[in-house]
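Next come the chains, spelled out residue by residue.
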Amino acid sequence: MAYRSTSRYLRNSASIIVYLLISQSAAAQETQFLGTIELGDSKREVQTDTATALTVVDQEEINDRQAGTIAELIDSVPGVSLVNGSTPQGSGINIRGYGANGTYGTDQKVAVQVDGASVGSEELYRIGTQLFSDPALFRSVEVVRGTVGSFAYGSGIVGGVVSLETKDASDFTGGETGTAIRQTFEFGTNGNGAASSTILAWQPTDKLEFLANYTYRQQDNQTDGAGDVIGASAFGLPTWMVKARYSFGQKNDQSVTFSYTDTTVADRDVPYDTFGTTGGSFGNVDRDTVSGTSSLQYAYNPFESEMIDLTVTLSYAAQQIDQTYIPGSSTCEDSSCLRPGDTFPAGGFETVNASHRYETAKLNVSNTSLFSTDVVDHNLLVGIELTRKTRLNADSAPGGTDERAALFVVNEMTIGDAWTITPALRYETSTVVGSTAPNDATYDNDALMGGLSVRYAFNNGVAVFGSAAYTEGLPIIDDLGNRVFMTQSEKSQTFELGVSDDGFDVFKDGDSFAVKANIYQTELWDITSYSGRNKVESQGIELETSYTLENGFYVDANANFVTGKEFRPDGTSFDWGNTPADSLRFTVGKKFGKEFDISWETTANREISVEAAGVRGGAPSTTTTPGFFSHNLRATYIPQQGVLEGAEFRFGAENIFDADYRTNLSTRNAPGRNVKFTIAKTF
């Protein structure tokens, strides 16, 4: 990747924005404001009514994608890149070049939440994010890209937020008293994948509902497009969930909701390095992982007052990882890769045998108020958040506690039908205490961060918007071994500019069209997450568009173009090593009433060359990842009458031409052709 300057990106991006504005300006004086529009009936709605770079994957798309992992649910979102996304272990989510990478499952710059609970480990070396929960548990996924929309979720968020919401019993009972059962079977040819998901929904009264879900998903080792086995890609994943909601008060304006998800994975004789395909120097391990997430939420939204929309969420996420080295599996046992005079330790490296436990307890209290002051309408969100993280001490992973308190305020102010101005602030304090010498010191830190977004909507569906945001990542338990890092927060600022357009009867009668283009520039400094870097600059363009016709024809497309530069303490600079390749995803399909939906999806990544600094003072090196095209075919059949009414049949052929490729940030080749079939029915 030869480094492309910021000015070039800004020129290209400005051209896109100017073109979109000019193309609509002639109609601006004659067209009346359309209000909030539900556009088309394609795979995904473009979120044109907000300045935030937001994408929502709803239940219909979740079903149609037939994803095997959480990561695969959002791999089609612009700005999102997966690291080994086809397996739950050794995979992760990267947004705008931040998040998971080939060394750490997370860098703390992408937040992942399940029903408000913060999940995922810290910078745990070579083991990954452990996002084991099954896609069958979720009804929607929201992806916020960048910083400006993140202040209600946490601090230090540079890449973005992935917020998952679990299914409700009323999704299946329709809100009526009674019982519903949903059974789903999925099959895949690559790796002989199979999954069974059973959901029991019971609503004894209009105030009370219960849901139970048990899902088991498994696959053998997959093969890539060349027919070679992808090592360490086999897994068995049992997951279960229980959820209950009780509504009460005047007109059921209060509710209490409890959810719990649990996943257990027992891996035997697998590489310690979950990003790799063989044991290598670390060797293999027996690994048992238990992940549990619980959330208790109280909501109060009285009909007689717009000043109160209160939500109180108490959540707890815990993860236990136990692993034991397999003797004879490391290439270092003959001491060939050790320093002179060293011998291979009995029982394997301590790091490989280390067990880990993460616990995160969080209390979030927030209230949304709707009110007006003169010509300004306010949608004011105010909240406090208390978090306590506890980490077991282990080799190469110091233990301790991280206690935080935060206050956040987000005020969406609208002036007439045109202006929306949204300032946001977050103040956060932290106290990190090490549990074991020599890392048993105490560190206190705090930071004030915030942002501002401004959106102007013309009366013809066109809107322009921009934002500026600043955030700080406070020191974490993982850095207890470095006193400098424990007194230094990472700092980042992001500037964004964009344009959107939506409307009906744009090119012909009965059509609908939506487009949103967003450019951004991010700078990260005072870096503690990446060794040998003191600053990173990145910039990119994200584009989403959707077009539908009355006859059911639709087109969805999105694109992501990004470049980055990392700066070293010695004054040298290189390509940002976590930069994803430029990508384009294009879907064309047709719906035949409510029964059939057939689509063809094409994904293209451009070749990317990354120049990196030399290892241990060696000469710089350049790594090139070839570009590729991958094609997916999807078909859904939902009978509307007869004996099959209520059943759902889905067919998918992923990487249908067996393309042999590896995405830029991945450490494994992508799976080759995988034909999937799903049958589901709600009784």
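Everything in this summary refers to the structure shown in the same document. Only a predicted model underlies this, so the values are computations on that prediction, with no experimental measurement involved. (Residues numbered from 1 in each chain as written. Predicted model: local features only at pLDDT ≥ 70, side-chain atom pairs only at ≥ 80, totals over all residues. Heavy atoms only, no water.)

**Section: the state of the cysteines**
Stage number 1. What the rule picks out here adds up to one disulfide.
Stage number 2. A disulfide bridge connects Cys332 with Cys337, and the sulfur atoms are separated by 1.7 Å.
Stage number 3. Taking relative accessible area as the criterion, Cys332 reaches 3% and is therefore assigned buried.
Stage number 4. Overall, Cys337 belongs to the partly exposed group, its relative accessible area being 41%. (Disulfide = S-S within 2.5 Å. Buried < 20%, exposed > 50% of the residue type's maximum accessible area, 1.4 Å probe, protein only.)

**Thoughts on a nonpolar patch on the surface**
Stage number 1. Where nonpolar side chains cluster on the molecular surface, the patch consists of Tyr214, Tyr216, Trp240, Val242, Val256, Phe258, Leu296 and Leu314 and spans about 670 Å² of accessible area.
Stage number 2. Secondary structure elements with two or more residues in the nonpolar patch: strand 11 (208-219), strand 12 (235-248) and strand 13 (254-271). (Patch = residues over 30% accessible without salt bridge, like charges linked within 9 Å, V, L, I, M, F, W, Y side chains within 5 Å. Areas by Shrake-Rupley, 256 points an atom, 1.4 Å probe, with all protein chains shown as cover. Salt bridge = Lys/Arg side-chain N within 4 Å of Asp/Glu carboxyl O. Helix = DSSP H or I, 4+ residues; strand = E, 2+ residues; numbered from the N terminus.)

**Focus: the environment of Ala653**
Stage number 1. For Ala653, the location among the structural elements is in strand 32 (residues 647-654).
Stage number 2. With 464 residues separating them along the chain, Ala653 and Thr189 place their C-alpha atoms 9.6 Å apart.
Stage number 3. When near neighbours in sequence (up to four residues on either side) are disregarded, Ala653 contacts His631, Asn632, Leu633, Asn674 and Val675. (Contact = heavy atoms within 4.5 Å.)

**Quick notes on the nonpolar core**
Stage number 1. Membership of the largest hydrophobic core comes to 29 residues, with the highest contact counts inside it found for Ile74, Val80, Ile93, Val141, Val162 and Leu164.
Stage number 2. Mapped onto this core, the elements with two or more residues apiece are helix 3 (70-73), strand 2 (80-83), strand 3 (92-95), strand 5 (110-114), strand 7 (138-145), strand 8 (160-166) and strand 10 (193-203).
Stage number 3. Every residue in contact with Val80, bar those within four places of it in the chain, is listed here: Ile74, Asp75, Ile93, Asn94, Ile95 and Val143.
Stage number 4. Within the second largest apolar cluster, 15 residues are counted, among which are Leu124, Tyr325, Tyr358 and Ala397. (Core = buried A, V, L, I, M, F, W, Y, C linked by side-chain atoms within 4.5 Å.)

**What about the pattern of salt bridges?**
Stage number 1. Tallying each qualifying case throughout the model produces 41 salt bridges.
Stage number 2. The residue Glu496 makes a salt bridge to Arg96 at a minimum N-O spacing of 3.0 Å. Taken as a pair, Glu496 in strand 22 (residues 490-504) and Arg96 in the loop between strand 3 and strand 4 (98-99) lie far apart in primary sequence, 400 residues in all.
Stage number 3. One connected set of salt bridges, linked through shared partners, spans Arg44, Glu61, Arg65, Asp75, Arg585, Glu601, Arg634, Glu654 and Lys676.

**Points about the sheet that holds strand 8**
Stage number 1. Taking strand neighbours across the sheet as the criterion, the five strands line up as 1-7-8-5-6 in an open arrangement whose pairing is mixed. Each of the sheet's edge strands pairs with one partner strand only, and the pair in question is strand 1 (53-57) and strand 6 (117-119). Each neighbouring strand pair of the sheet contributes to a mean axis angle of 20°, computed without reference to strand direction.
Stage number 2. Alignment of strand 5 against strand 8, held across five bridges, turns out to be parallel. Residue pairing in the sheet places Gln113 in a bridge with Ser163 of strand 8. (Pairing = 2+ DSSP bridges. Axes fitted to C-alpha atoms, helices over the stretch in contact; angles between N-to-C directions.)

**Structural notes on a negative patch on the surface**
Stage number 1. Together, Glu45, Asp49, Asp58 and Glu412 give the surface a local cluster of negative charge.
Stage number 2. Mapped onto the elements of the fold, Glu412 is located in strand 18 (residues 400-415).
Stage number 3. What makes Glu412 partly exposed here is its relative accessible area of 36%. (Lys, Arg positive; Asp, Glu negative; His and termini not counted. Charge placed at Lys NZ, Arg CZ, Asp CG, Glu CD.)

**Some remarks on the sheet that holds strand 2**
Stage number 1. If you trace the three strands from one edge of the open sheet to the other, you get 2-3-4, paired in antiparallel fashion. Of all strands in the sheet, those with a lone pairing partner are strand 2 and strand 4, marking the two edges.
Stage number 2. Here strand 2 runs beside strand 3; their pairing, made up of four bridges, is antiparallel. Bridge pairing in strand 3 links Val80 to Ile95.

**Here we look at the pairing of strand 1**
Stage number 1. Counting buried residues in strand 1 gives four out of five residues, a clear majority hidden from the surface.
Stage number 2. For strand 1 and strand 7, the ladder comprises five bridges, and the chain directions are antiparallel. For Val57, the partnering residue across the bridge sits in strand 7 and is Val141.

**Here's the deal with the pairing of strand 20 (residues 442-457)**
Stage number 1. Alignment of strand 19 (residues 419-434) against strand 20, held across 15 bridges, turns out to be antiparallel. Within strand 20, the residue paired with Leu425 across the bridge is Gly450.
Stage number 2. As judged from the eight bridges shared by strand 20 and strand 21 (residues 462-473), these two strands associate in the antiparallel manner. Among the inter-strand pairings, Gly451 is bridged to a residue of strand 21, identified as Ala469.
Stage number 3. Where strand 20 folds back on strand 21, the antiparallel hairpin that results is connected by four residues, among which Gly461 adopts a positive phi of roughly 100°.

**Considering the packing of aromatic side chains**
Stage number 1. Enumeration according to the criterion identifies 17 aromatic pairs in this entry.
Stage number 2. Here the aromatic rings of Tyr272 and Phe282 are separated by 5.2 Å at their centres, their planes lie at 40°, and the arrangement is tilted. Taken together, the residues span a long stretch of sequence, with Tyr272 in the loop between strand 13 and strand 14 (284-300) and Phe282 in the loop between strand 13 and strand 14 at a distance of ten residues. Summarising the burial analysis for this pair, Tyr272 and Phe282 share the class buried.
Stage number 3. Between Phe507 and Phe513, the ring centres sit 5.6 Å apart and the planes meet at 80°, which makes this aromatic pair edge-to-face.
Stage number 4. The exposed category is assigned to Phe507, whose relative accessible area is 60%.
Stage number 5. The exposure class of Phe513 is buried, given its relative accessible area of 15%.
Stage number 6. Every member of this aromatic cluster is reached through a ring pair, and the members are Tyr98, Tyr530 and Trp576.
Stage number 7. The ring centre of Tyr520 lies 3.9 Å from the NZ or CZ of Arg96, which sits over that ring.
Stage number 8. Directly above the aromatic system of Phe465 lies the positively charged group of Lys516, at a separation of 5.5 Å from the ring centroid. (Phe/Tyr/Trp six-rings, centres within 6.5 Å; stacked < 30°, edge-to-face > 60°. Lys NZ or Arg CZ within 6 Å of the ring centre and 35° of its normal.)

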